[in-house]
Amino acid sequence: MNNLDLSVNFAGVHLKNPVTTASGTFSARESGEFYDINKLGAVITKGVASEPWSGNPTPRIAEAYGGMLNAVGLQNPGVEEFIKSELSYLENFSTPVIANVAGRTIEEYCSVAERLNEADVAMLEINISCPNVKKGGIGFGTDPKMAGEVTKAVKAVSKKPIIIKLTPNVTDITEIAKSVESEGADGISLINTLLGMKIDVQRKKPILANTLGGFSGPAVKPVAVRMVYQVRTAVKLPIIGLGGIMTGEDAAEFIMAGADIVSVGTAALINPTAPVDILEELKIYMEEQGFKTIAQVREAFQV
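About the cut-offs
Residues numbered from 1 in each chain as written. Predicted model: local features only at pLDDT ≥ 70, side-chain atom pairs only at ≥ 80, totals over all residues. Heavy atoms only, no water. Helix = DSSP H or I, 4+ residues; strand = E, 2+ residues; numbered from the N terminus. Rg over C-alpha atoms; globule rule 2.2 N^0.38 Å. Buried < 20%, exposed > 50% of the residue type's maximum accessible area, 1.4 Å probe, protein only. Contact = heavy atoms within 4.5 Å. Areas by Shrake-Rupley, 256 points an atom, 1.4 Å probe, with all protein chains shown as cover. Lys, Arg positive; Asp, Glu negative; His and termini not counted. Charge placed at Lys NZ, Arg CZ, Asp CG, Glu CD. Pairing = 2+ DSSP bridges. Axes fitted to C-alpha atoms, helices over the stretch in contact; angles between N-to-C directions. Salt bridge = Lys/Arg side-chain N within 4 Å of Asp/Glu carboxyl O.

**A short note on the overall build of the protein**
Check the secondary structure of the protein and you find ten helices and 16 strands. For the protein, whose C-alpha radius of gyration is 18 Å, the value lies close to the compact-globule estimate of 19 Å for 303 residues. On the principal axes, the C-alpha backbone points of the protein span a range of 50 × 50 × 40 Å. Looking at the protein as a whole, 53% of its 303 residues are labelled buried. A sequence separation of at least 24 residues applies to 69% of the contacts in the protein between residues at least 6 apart. Accessible surface, the protein: about 13100 Å² in total, of which carbon and sulfur atoms supply 51%. Separation between the mean location of the 28 positive side-chain charges and that of the 34 negative ones in the protein comes to 5 Å.

Structure (structure tokens):
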């Protein structure tokens, strides 16, 4: 496999290969116990906010057919602790770091982006699935105007490329994508989790304390691939594809749909070495198909 070139230029950042971790499923110290982080193209950290978030009450994770539901609530220690603990540890590796940023107001997003300007991160992934408290809790990412506003504001203060992570819980994903592109986004990441629910019919109560949660895992992959394909036809921005990637061929499918790189999330909760396993499987697939570069994988797809 020495003749393979898996390198990708994403928003001006050189990645040695197209496989990254997905936000919420990666911890540098814990994940690093299972595989060499240096093998990955990049790592995307758990979401970080301007101040510590306590998250939702338990139970907040539930198994579901074809995947899982989570309502963790973006629990995080805040940006200062994130810099001190997570980023300081990741300095031991050469792999580029993409910091996922959460916020309940535009001001909170901007505060984190500004604080990370001098930190050792290559890019920011802006999670616009967060509820906008000033708008009654509606997600930033469900309205093109609000998605554009947060993109414009963060872009104005950030010295790093910004990737906007899109929610699939919308009528037309391309309208959101075009809005963030027009306001200066450097890349797009999709999809975040689908909104779901599970009821315990014995107890006659919701499984999750929060009632609703984000559904992820292999069952969402066809939806994710469809949305990546639609967004690819609508915008010119580089795309991170994610949603149910379990194998190297799943990764290739996203690349053919239009993703430049891919993120592995739920698979790593089942198999901690999934990100590097999927990378190796992608290499095997490329060898078998005679592909030498990631661009060749993408260009091979025909409608």
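**Some points on the sheet that holds strand β6 (residues 67-70)**
Spatially, the four strands line up as an open sheet ordered β5-β6-β14-β11, and their pairing is antiparallel. Each having just a single partner strand, β5 (61-64) and β11 (194-197) make up the two edges of the open sheet. Taking the axes of each pair of neighbouring strands and ignoring which way they run, one obtains an average angle of 40 degrees across the sheet. The pairing of β6 with strand β14 (residues 212-216) spans three bridges and is classified as antiparallel. The residue of β14 that forms the bridge with N70 is G214.

**As for helix α7 (residues 248-257)**
Here α7 lies mainly inside the structure; eight of its ten residues are buried. Where α7 is buried, its residues contact α6 (221-234), β15 (239-241), β16 (261-264), α9 (274-289) and α10 (294-299). G258 occupies a position one or two residues after α7 and carries a positive phi of about 130 degrees.

**So, the pairing of β5**
Taking every second residue as pointing to the same face, the buried face of β5 carries A62 and A64, while none of I61 and E63 on the other face is buried. Between β5 and β6, which pair antiparallel one after the other, the connecting turn spans two residues, and G66 there sits at a positive phi close to 80 degrees.

**Some thoughts on the pattern of salt bridges**
Proximity of charged atoms lets side chains of opposite charge pair with each other. Considering all chains together, one arrives at twelve salt bridges under this definition. For the salt bridge of D260 with R232, the shortest nitrogen-to-oxygen distance reads 3.4 Å. Of this pair, D260 sits in the loop between α7 and β16 while R232 sits in helix α6, and the two are 28 residues apart along the sequence. A residue is classified by how much of its surface remains accessible, and D260, at 14% relative accessible area, is buried. For R232, a relative accessible area of 23% corresponds to the partly exposed category. Of the charged contacts in the structure, one is a salt bridge between E280 and K283, with a shortest N-O distance of 3.2 Å. In this pair, E280 and K283 both sit in helix α9, three residues apart, roughly one turn of the helix. Here the residues in one salt-bridge network are K221, D250 and E253, joined through shared partners.

**Considering the sheet that holds strand β9 (residues 162-165)**
If you walk across this open sheet you meet the eight strands as β3-β16-β15-β10-β9-β8-β7-β4, and the pairing is parallel. For this open sheet the edge positions go to β3 (19-21) and β4 (43-44), each flanked by a neighbour on one side alone. Bridge analysis of β9 against strand β10 (residues 187-190) gives three bridges, and the strand direction is parallel. Considered in β10, the bridge of K165 is made with S189.

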